[in-house]
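One letter stands for each residue in the lines below.
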Amino acid sequence: MTTDTGVAADTAVYLYGVAQDLDPAALRGTAGVAGAPVRGVRAAGLTALVSTVRLEEYGEAALRANLEDLGWLEATARAHHEVVDRAAHAAPTAPVRIATIYRDDERVAEVLAAQGERFTEVLDLITGRSEWGVKIYADAGVLRGDTGGTPGGGMGEDVPDSGGGLEPSAESLTGTTPGGVGTAYLRRRQQERRRRADAERRVAGQADAVHTELADHAVASRHHPPQDPRLTGRSGVQVLNVAYLLDDDQVEGFLEVTRAARERLPALQVEVTGPWPPYSFIDTSAGHGAATPGAGER
């Protein structure tokens, strides 16, 4: 077992991921969360990527508050990813989820020793593979069905319910239209609801069709909940958010499907990101002995 540093009483160890056959030189000069240097903790033939962090920022109470701070969360997630990505370019690397905390290097080494077989299985699974993300957005107007009439667009303008031509109308003896303004309003609202429901079904079907094509090129896929618009920076509604695990030789075919989808569905925005370390396909909360955010073993 090898550990590179001790940990003071007011600090803990932040874990980014676990690598196999990693050259220690690959971490030289790497800065992690809060600018902390990154080092390796070795045990059972594996290397844990870690930094020493202060409990005033990464202790249980502090994490509860910080994980609700979008600015802090974004900066921490970016630093976390950069460490994992750098290691993944040098050796197979299994990332763990953000803000996984242990009390010291010795505890990290114990986890590696106890869960070495499991980590090795995961690393074998992801070797030669990467994660790609696809998100599809629809503008509010498209979901209302009031933008255009093309196959990839919205529902178009209102149309008569039947027959074509104008509906017959008549005045009552009192000079008012039968049904009055209230009936016309209710009819218009009903048409709007029907149009919106039809548009939402159409968009959902288009997104599902794109996903089915993409999944044919993937080893596995995982749906994620729609993201907060404050994180995406987009005004549109996110109608698809899926991660795909791809063999390296499947990437080009996968990307061709996304390009074709953009051309076929001009009213939707198709966003592709990657390659990423396979965050979505590694269970870091069970079987690995990893601490959950705010539950580090100090």
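Scroll up to find the structure.
Conventions we followed
- Residues numbered from 1 in each chain as written.
- Predicted model: local features only at pLDDT ≥ 70, side-chain atom pairs only at ≥ 80, totals over all residues.
- Heavy atoms only, no water.
- Pairing = 2+ DSSP bridges.
- Helix = DSSP H or I, 4+ residues; strand = E, 2+ residues; numbered from the N terminus.
- Axes fitted to C-alpha atoms, helices over the stretch in contact; angles between N-to-C directions.
- Contact = heavy atoms within 4.5 Å.

Caption draft 1: Spatial organisation of the sheet that holds strand 2 (residues 39-43). In space, the 4 strands of this open sheet follow the order 2-3-1-4, with antiparallel pairing throughout. At either end of the open sheet lies a strand with only one pairing partner, and these are strand 2 and strand 4 (93-102). Taken over all neighbouring pairs, the strand axes of this sheet differ in orientation by 25 degrees on average, direction set aside. Direction of pairing for strand 1 (residues 11-20) relative to strand 3 (residues 46-54): antiparallel, over a ladder of 9 bridges. Bridge pairing links V18 to A48 in strand 3. Contacts from helix 3 (residues 70-88) reach strand 1, strand 3 and strand 4 within the one sheet, and its direction differs from that of strand 4 by about 140 degrees. Contacts between helix 4 (residues 105-114) and the sheet are confined to strand 1, strand 2, strand 3 and strand 4, with strand 2 contributing the most and set at about 45 degrees to the helix.

Caption draft 2: Spotlight on unusual backbone geometry. Cis rather than trans, the peptide bond between G274 and P275 has omega equal to 0 degrees. For P275, the location among the structural elements is in strand 8 (residues 268-276). Phi is positive for A34, which is not a glycine, with a value near 55 degrees. Secondary-structure assignment places A34 in the loop between strand 1 and strand 2. Residues other than glycine seldom take positive phi values, yet A44 does so here, at roughly 55 degrees. Residue position: A44 is located in the loop between strand 2 and strand 3.

Read these as layout, nothing more, since geometry by itself doesn't imply function.
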